[in-house]
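# Summary of the model geometry
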Amino acid sequence: MLAVSTHPLNPTQTLPSPMRASLSLLRSLSLSIHHRRRRNVSFLPYSLVTSASKPRHFSLLPLASAASESTFVEQAAREQDSSAEEKWDLFKNTDSNSDERGPLNFDVGAAGSDMRHLVGPAVEVKELEELPEQWRRAKLAWLCKELPSHKAGTLVRILNAQKKWLRQEDATYLAVHCMRIRENETGFRVYKWMMQQHWYRFDFALATKLADYMGKERKFSKCREIFDDIINQGRVPSESTFHILIVAYLSAPVQGCLDEACSIYNRMIQLGGYQPRHSLHNSLFRALVNKPGGSSKYYLKQAEFIFHNLVTSGLEIQKDIFSGLIWLHSYQDNIDKERIASLRKEMKQAGIEEGKEVLLSILRVCAKEGNVEEAERTWLRLLDSDGDIPTPAFVYKMEAYAKNGEFMKSLDVLREMQKCLGSASVPAYHKIIEVLCKAQDTELAESLMKDFVESGMKPLMPSYIDLTSMYLSLGMHDRLHLAFSECLERCRPNRTIYGIYLESLVNVGNLEKAEDIFSQMQNEMTIGVNTRSCNTMLRAYLAFGDYVKAEKIYDLMCQKKYDIESPLMEKLDYVLSLTRKEVKKPVSLKLSKEQREYLIGLLLGGLRIESDEERKKHMIRFDFNENSGMHSVLRRHLYDQYHEWLHPACKVTDGSDDIPYKFSTISHSYFGFYADQFWPKGRPLIPKLIHRWLSPRVLAYWFMYGGHRTSVGDIILKLKGSSEGVGKVVKALKAKSLDCRVKKKGKVFWIGFLGSNSTWFWKLIEPYVLDELKEEFLKDSGESRIEETQNISFDSGSDSDGKASDYSDDDSL
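Residues numbered from 1 in each chain as written. Predicted model: local features only at pLDDT ≥ 70, side-chain atom pairs only at ≥ 80, totals over all residues. Heavy atoms only, no water.

Time to look at the overall build of the protein. A count of helices and strands for the protein gives 38 helices and 10 strands. Intrachain contacts of the protein at a sequence separation of at least 6 include 70% that bridge at least 24 residues. Surface exposure of the protein reaches about 37,700 Å², of which carbon and sulfur atoms provide 49%. (Helix = DSSP H or I, 4+ residues; strand = E, 2+ residues; numbered from the N terminus. Contact = heavy atoms within 4.5 Å. Areas by Shrake-Rupley, 256 points an atom, 1.4 Å probe, with all protein chains shown as cover.)

Structure representation (structure tokens):
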């Protein structure tokens, strides 16, 4: 038996002549496989027959040839060359198929380099010379050469053809051999094939080694799959597997990977009882603090947990950890001042000087509480520090004065900023205009708004909202209407400012114009109506005595589950009692035709449905990418479209534009049809009747949620499901004269519309794409691409490439 380890041989060792000869054969074989791969760049049709995998090929091998192949595998499995390219070390990017995967350009700090020192259990495999059967040695030798050169489908067919004689030991040898020659993807496929055989016995060492190598290649989904297999077998993964999987998640720019990294980190400590290395604590903490979009503040508990583990493990706490934790605390809605003071005290005891980051966090706390005295002391310390004062510091100081009612001092800070930095920043203009509008100083607010517009900086919308809100409260409707018109010329439509303008029209009694604006809000998908605008129109109709239209607004609000203001409800009860025997209760929830089409498109794009254990009630979970401009717009639209279905915990306060990137519906039996069709048994599936539902609107929402437009204008759509289901989708698209190509990457299929086909696809869906997205993506395609598609190329071969015909010829609808 041979125990395979990751440690290379001593470079000073000399290999006997037979070994050197076998390794020369190994190199020549590797080169021949490379040449074969370079030639194999076309898409493999599904009709490919793996005749090469038939047992009769082995009978044609001469005995001498079989013996030489056996010697080759024996020596390759037993010895390693002293050169760097023969070492079994995946930290060097010398993989035989590195061109397909691309270079590993990930920067996870010392946590990545620490993986070198994590050694998992050794995998024991028999040497081929220990096998008594000559034919078995010959077949294993042939498989070792043949499998790495084939795609996934062909590889499975070859292994299936050898089912009669392959055993656990043989398959283990194949998997280990693939890892030794850096064909880890092939090793993974062999391992997955093994798990489906009746003779399979779980091998902890093999699973650990393969998971570690998948993680080192940053293939986090495959690493996680093996990780879960280990846990399902009742075993605790090794420390190396935990560490490597966390680093793989941190290295991936895919949405949700940071949450998974935190989950694995917590399980590493709580389930495995391991003490993570210092570098891993630091890498995960920095990933939390550096999360974009201002959402890092939601990771405070996780950051505190990491800090606690550093303290209890007796590890050094670096300055960045202290600064980052104070920064997270300063961003909370309810600030824990005692905790911040405690952290600052610990920094002082550790001899760490407070830098600009800490001072800026303290200034942020002062701004939220209006603590002018502490803000001024912190400001003086910033002045004494080296370098320029950060621009946010000016904004926080302005806010601190404003909270204390000293509005003119806030204006002085803006002037000081313009003097020191040459000009004011966009957040500074937003803050000073907000401050002056709250103080109702119309002259100064209008003057600064004029300066802001002339500066050419954007966005202007927040300041226009503050300005119009001030005009509304002061009853200056003429100026409000003028500001609203100017806003529409310079900014995209916004529901908040439309609501303010609508309220102004109602207040001045211009009901006809108010009805036009309300109708426009309903028809424009990027604007929409909300509780405030509906209550405004309801109040107007009741005041003017138009009870018929008041009832229509009431029915709409019942359908959307909008709250009706108490004074209006008292009047409405009387109105309804005149026309109805009893007050109409809120209508039962039911999806409109448009909502059903939206939902089908979103489900194709990756929307999730969760069901209870009895599958009687189902919940739809909306999850949007924070780094995607398309998702940012789409989430606001879908939040409005499914408002009546949303869980109360997911609903934001009326008038707030802070719509979360994750929200869900209530659990309801109405979603049972969609759960059965698209998520049976908790897994995504493409329905058999999908060809009936692929309307242009469905395709548009599929594109907006699960697709993107590349820099060259091609359109790519994400799709999960079986090959058969993909075939039905492709055939249905072909029936619409939309030719496409298909590529499989992991568990995800990507459908590509290339060249002129992308143009035809865009023309088909354009009427249903949100107006706010049309201009953006026609003007700047590729800017908001999803990270998962960065390595997708339909111009070169891969494991699961295919033309549309490969998926549709054998599928009948």
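Now that the structure has been shown, the text picks up again.
It is worth spelling out helix α28 (residues 531-544) at this point. Given a rise of 1.5 Å per residue, 14 residues ought to cover 20 Å, and the 20 Å separating the end C-alpha atoms of α28 matches this to within 8%. Taken together, the buried positions of α28 are occupied by Thr 531, Ser 533, Cys 534, Asn 535, Thr 536, Met 537, Leu 538, Ala 540, Tyr 541 and Leu 542. Among the residues trailing α28, Gly 545 stands out with phi positive, at a value near 75 degrees. (Expected span 1.5 Å × (residues − 1). Buried < 20%, exposed > 50% of the residue type's maximum accessible area, 1.4 Å probe, protein only.)

Below, the discussion takes up the packing of helix α8 (residues 168-180) against helix α9 (residues 184-195). Relative orientation of the contacting elements α8 and α9 amounts to 160 degrees, with a least axis distance of 7 Å. With respect to α9, the axis of α8 lies roughly antiparallel. Viewed along their axes, α8 and α9 form a crossing whose handedness is left-handed. Together, Gln 168, Ala 171, Thr 172, Leu 174, Ala 175, Cys 178 and Met 179 of α8 and Asn 184, Thr 186, Gly 187, Val 190 and Met 194 of α9 make up the contact between the two elements. Taken together, the residues of the contact of α8 with α9 break down into seven nonpolar, five polar and no charged. (Axes fitted to C-alpha atoms, helices over the stretch in contact; angles between N-to-C directions. Parallel < 35°, antiparallel > 145°, perpendicular 65-115°, else oblique. Left-handed = near helix turned anticlockwise from the far one by under 90°. Nonpolar A, V, L, I, M, F, W, Y, C, P; charged D, E, K, R; others polar.)

Strand order in the open sheet formed by three strands is β3-β4-β5, and the pairing between neighbours is antiparallel. Single-partner strands in this sheet number two, and they are β3 (608-611) and β5 (662-664). Pairwise comparison of adjacent strand axes, ignoring direction, gives a mean angle of 25 degrees for this sheet. (Pairing = 2+ DSSP bridges.)

Our focus in this paragraph is the pattern of salt bridges. One pass over the full model with this rule turns up 33 salt bridges. Taking the shortest distance from any N to any O, the salt bridge between Lys 337 and Glu 369 comes out at 3.3 Å. Of the two residues, Lys 337 sits in helix α17 (residues 337-349) while Glu 369 sits in helix α18 (residues 356-369), which places them 32 residues apart along the sequence. The class of Glu 369 is partly exposed, set by a relative accessible area of 40%. With a shortest N-O distance of 3.9 Å, Lys 549 and Asp 546 are connected by a salt bridge. Residue class for Lys 549 comes out partly exposed when judged on its relative accessible area of 32%. If you follow the salt bridges from partner to partner, you end up with Glu 185, Arg 189, Glu 217, Lys 219 and Lys 222 in one network. (Salt bridge = Lys/Arg side-chain N within 4 Å of Asp/Glu carboxyl O.)

If you check helix α10 (residues 204-216), its first and last C-alpha atoms are 18 Å apart, about what 13 residues at 1.5 Å a residue would give, namely 18 Å. The backbone nitrogen of Ala 205 has a side-chain oxygen 3.2 Å away, supplied by the residue at the start of α10, namely Asp 203. The positive-phi residue at the C-terminal boundary of α10 is Arg 218, with phi of around 65 degrees. (Polar contact = N/O pair within 3.5 Å; in protein donor to acceptor, adjacent residues only side chain to side chain.)

Next up on the list: the pairing of strand β4 (residues 618-623). Side-chain positions along a regular strand alternate between the two faces of the sheet. Bridging between β3 and β4 involves four bridges; their strand directions are antiparallel. The residue of β4 that forms the bridge with Ser 611 is His 618. Hairpin remark: β3 followed by β4, antiparallel, with six residues in the connecting loop; positive phi at Arg 615, about 55 degrees. Bridge count between β4 and β5: three bridges; the pairing is antiparallel. What sits directly across from Asp 623, in β5, is Lys 662.

What follows covers the pairing of strand β9 (residues 748-753). The buried fraction of β9 amounts to six of the six residues, a majority that puts the element mostly inside the structure. Inspection of the sheet shows strand β7 (residues 715-720) paired to β9 by six bridges, in the antiparallel sense. Bridging across to β9, Lys 720 finds its partner in Val 748. Bridge count for strand β8 (residues 741-745) against β9 is five bridges, and the pairing is antiparallel. Bridge pairing in β9 places Lys 743 opposite Trp 750. What sits between the antiparallel neighbours β8 and β9 is a turn of two residues, in which Gly 746 has the positive phi angle 70 degrees.

Bringing the packing of helix α22 (residues 426-438) against helix α23 (residues 442-455) into the picture now. Interhelical geometry of α22 versus α23 gives an angle of 160 degrees and a closest axis separation of 9 Å. Considering their axes alone, α22 and α23 lie roughly antiparallel with respect to each other. Between α22 and α23 lies a crossing whose hand is left-handed. Facing Val 426, Tyr 429, His 430, Ile 432, Ile 433, Leu 436 and Cys 437 of α22, the residues of α23 in contact are Leu 444, Ala 445, Leu 448, Met 449, Asp 451 and Phe 452. Considered class by class, the residues forming the contact of α22 with α23 number 11 nonpolar, one polar and one charged.

On the surface, a cluster of positive charge is contributed by Arg 608, Lys 681, Arg 683, Lys 720 and Lys 747. Relative to the elements of secondary structure, Lys 720 occurs in strand β7. (Patch = residues over 30% accessible without salt bridge, like charges linked within 9 Å, V, L, I, M, F, W, Y side chains within 5 Å. Lys, Arg positive; Asp, Glu negative; His and termini not counted. Charge placed at Lys NZ, Arg CZ, Asp CG, Glu CD.)

Turning our attention to unusual backbone geometry. The phi torsion of most residues other than glycine is negative, and most of the peptide bonds are trans. Between Lys 458 and the following residue, Pro 459, the backbone shows a cis peptide bond with an omega angle of 10 degrees. On the secondary structure map, Pro 459 appears in the loop between α23 and α24 (461-474). In this structure, Arg 182 takes a positive phi of about 65 degrees despite not being glycine. Tracing the backbone shows Arg 182 in the loop between α8 and α9. Since its relative accessible area comes to 8%, Arg 182 is described here as buried. Within the chain, Arg 218 stands out as a residue other than glycine whose phi angle is a positive 65 degrees. Inspection of the secondary structure assignment puts Arg 218 in the loop between α10 and α11 (220-232). Residue classification places Arg 218 among the buried residues on the basis of a relative accessible area of 16%.

Another aspect to go through is the packing of aromatic side chains. Aromatic ring pairs are reported here in terms of the distance separating the ring centres and the angle at which the planes meet. All chains considered together, the criterion is met by 27 aromatic pairs. Between Phe 673 and Tyr 674, the aromatic rings sit 5.2 Å apart at their centres with planes inclined by 85 degrees, giving edge-to-face as the arrangement. Through pairs of rings, three or more aromatic residues link up here, namely Phe 622, Phe 624, Tyr 639, Tyr 642, Phe 663 and Tyr 705. Lying across the ring of Tyr 661, Arg 635 places its NZ or CZ 4.1 Å from the centre. Its guanidinium or amino end placed over the ring of Trp 760, Lys 763 lies 5.1 Å from that ring's centre, counting from NZ or CZ. (Phe/Tyr/Trp six-rings, centres within 6.5 Å; stacked < 30°, edge-to-face > 60°. Lys NZ or Arg CZ within 6 Å of the ring centre and 35° of its normal.)

A few words now on the nonpolar core. The biggest cluster of nonpolar side chains holds 156 residues, and the ones touching the most others in it are Leu 174, Ile 226 and Leu 538. The contact partners of Ile 226, leaving out residues within four places of it in the chain, are Phe 188, Tyr 191, Ala 207, Leu 210, Ala 211 and Met 214. Among the nonpolar cores identified, the runner-up in size contains 62 residues, and Leu 604, Phe 622, Met 630 and Trp 645 belong to it. (Core = buried A, V, L, I, M, F, W, Y, C linked by side-chain atoms within 4.5 Å.)

With 77% of its residues at a pLDDT of 70 or more, the protein has an overall mean of 79. When mean pLDDT is compared element by element in the protein, α24 scores highest at 95, while helix α2 (residues 56-59) scores lowest at 31. Per-residue pLDDT stays below 50 along residues 779-787; that stretch engages in 22 contacts with residues further than four places along the chain or on separate chains. Here residues 796-813 is modelled with pLDDT under 50, and outside its nearest four sequence neighbours on either side it reaches 54 contacts, counting other chains as well. (pLDDT = per-residue confidence, 0-100.)

Looking at the secondary structure, you find Phe 285 in helix α14 (residues 278-289). In this structure the C-alpha to C-alpha distance between Phe 285 and Tyr 299, which are 14 residues apart in sequence, comes to 9.6 Å. With sequence-adjacent residues up to four places away left out, Phe 285 is seen in contact with Ala 303, Ile 306, Asp 320, Ile 321, Gly 324 and Leu 325.

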